[in-house]
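Residue-level listing of the chains:
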Amino acid sequence: MKENHNEALKQQLIQESGYKDLFSMNILRDTRLLQMAAGDFIVKEGSQPVYLFYLVRGRAKLYATLPNGKVSLIDFFNAPCFIGEIELVDADHEPRAVQAIEECWCLALPIKQYRSLLLEDATFLRHLCVALSHKNYRNIVSLTQNQSFPLMNRLAAFILLTQNCDIYREKHTQAAEYMGVSYRHLLFVIAQLTHDDVLVKQKAGYIIKNKQQLITLAREMDPGNTFTSLLQ
């Protein structure tokens, strides 16, 4: 993670994301522009974040290490969205790891300096409540899809969600747990995609050879998602 001092880019991202309208006070003076490479941690597990992040470009994943040592995927974040808002509201909340899937850009506001002000800002709190309700609704939809659609469709969407530069690298154990299927069932479906020349096995993961086929499968489950950004 590094700070980017390109003021023109910062102002462009503020304008594009509607960031300024999320607050009733002037927070631009203390807002920083942070850049994360794929694999960088936006929030480290167990460490209280220094900033309230607003993801304006990129995708990230949320996961936690369980008491038995297993790493469990919990959720995925797409821009634009807040990251670190739970820790802002509840200082005693145990932070979970948030890791960039691809290059991410965040507008960041120092939590220590702004916590009390933000918790009294009705405009910010209203936007935060809407954002949290959207996350909750998305999780409900995801649970319903897991119960209603074949693994082939769900895996296609999962691969599109987690790939970076057309390479899929997620651990099979974590993917199987996230989708609520057995490790063996997951490997069987991945083998089907490899046999159909949709994926190509490499040492570092799987190259996505036929992205359009994955998008077609994913759209059967989620017709409203056009996956436009993945076609670029």
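In this text, all values refer to a predicted model and were calculated from it rather than measured experimentally.

Conventions used here
Residues numbered from 1 in each chain as written. Predicted model: local features only at pLDDT ≥ 70, side-chain atom pairs only at ≥ 80, totals over all residues. Heavy atoms only, no water. Helix = DSSP H or I, 4+ residues; strand = E, 2+ residues; numbered from the N terminus. Rg over C-alpha atoms; globule rule 2.2 N^0.38 Å. Buried < 20%, exposed > 50% of the residue type's maximum accessible area, 1.4 Å probe, protein only. Areas by Shrake-Rupley, 256 points an atom, 1.4 Å probe, with all protein chains shown as cover. Contact = heavy atoms within 4.5 Å. Pairing = 2+ DSSP bridges. Axes fitted to C-alpha atoms, helices over the stretch in contact; angles between N-to-C directions. Arc of directions from axis to C-beta.

A look at the overall build of the chain
In step 1: Per the secondary structure count, the chain includes 8 helices and 12 strands.
In step 2: The C-alpha atoms of the chain give 19 Å as radius of gyration, which agrees with the globular expectation for 232 residues (17 Å, within 12%).
In step 3: C-alpha atoms of the chain, sized along the principal axes, occupy 55 × 40 × 30 Å.
In step 4: By the burial criterion, 44% of the 232 residues in the chain qualify as buried.
In step 5: Put simply, the chain shows about 12,400 Å² of open surface, and 53% of that area lies on carbon and sulfur atoms.

Considerations on the environment of Cys 106
In step 1: Within the element layout of this structure, Cys 106 appears in strand E9 (residues 104–110).
In step 2: Once you skip the residues sitting within four places of it in the chain, Cys 106 turns out to touch Arg 32, Leu 33, Leu 34, Met 36, Phe 53, Tyr 54, Leu 55 and Val 56.

Thoughts on the sheet that holds strand E6 (residues 71–78)
In step 1: If you trace the 4 strands from one edge of the open sheet to the other, you get E3-E8-E5-E6, paired in antiparallel fashion. The sheet terminates laterally at strand E3 (41–43) and E6, the two strands that pair on one side only. The sheet shows a mean angle of 30 degrees between the axes of neighbouring strands, taken without regard to direction.
In step 2: Here strand E5 (residues 59–65) pairs with strand E8 (residues 97–100) via 4 bridges, running antiparallel. Bridge pairing in E8 places Tyr 63 opposite Ala 97.
In step 3: The sheet strands contacting helix H5 (residues 151–162) are E5 and E6, and the helix crosses E6 at an angle near 70 degrees.

A look at the environment of Ile 83
In step 1: Summarising the element assignment, Ile 83 is placed in strand E7 (residues 81–83).
In step 2: Through-space distance from the C-alpha of Ile 83 to that of Glu 94 is 14 Å; in sequence the pair is 11 residues apart.
In step 3: In contact with Ile 83, not counting residues within four places along its chain, are Ile 42, Val 43, Tyr 51, Leu 52, Phe 53, Leu 55, Phe 77 and Val 98.

Some remarks on helix H8 (residues 211–221)
In step 1: Turning to H8, its buried residues are Lys 211, Leu 214, Ile 215, Leu 217, Ala 218 and Met 221. Down the axis of H8, the sector holding all buried residues measures 165 degrees, keeping them to one side.

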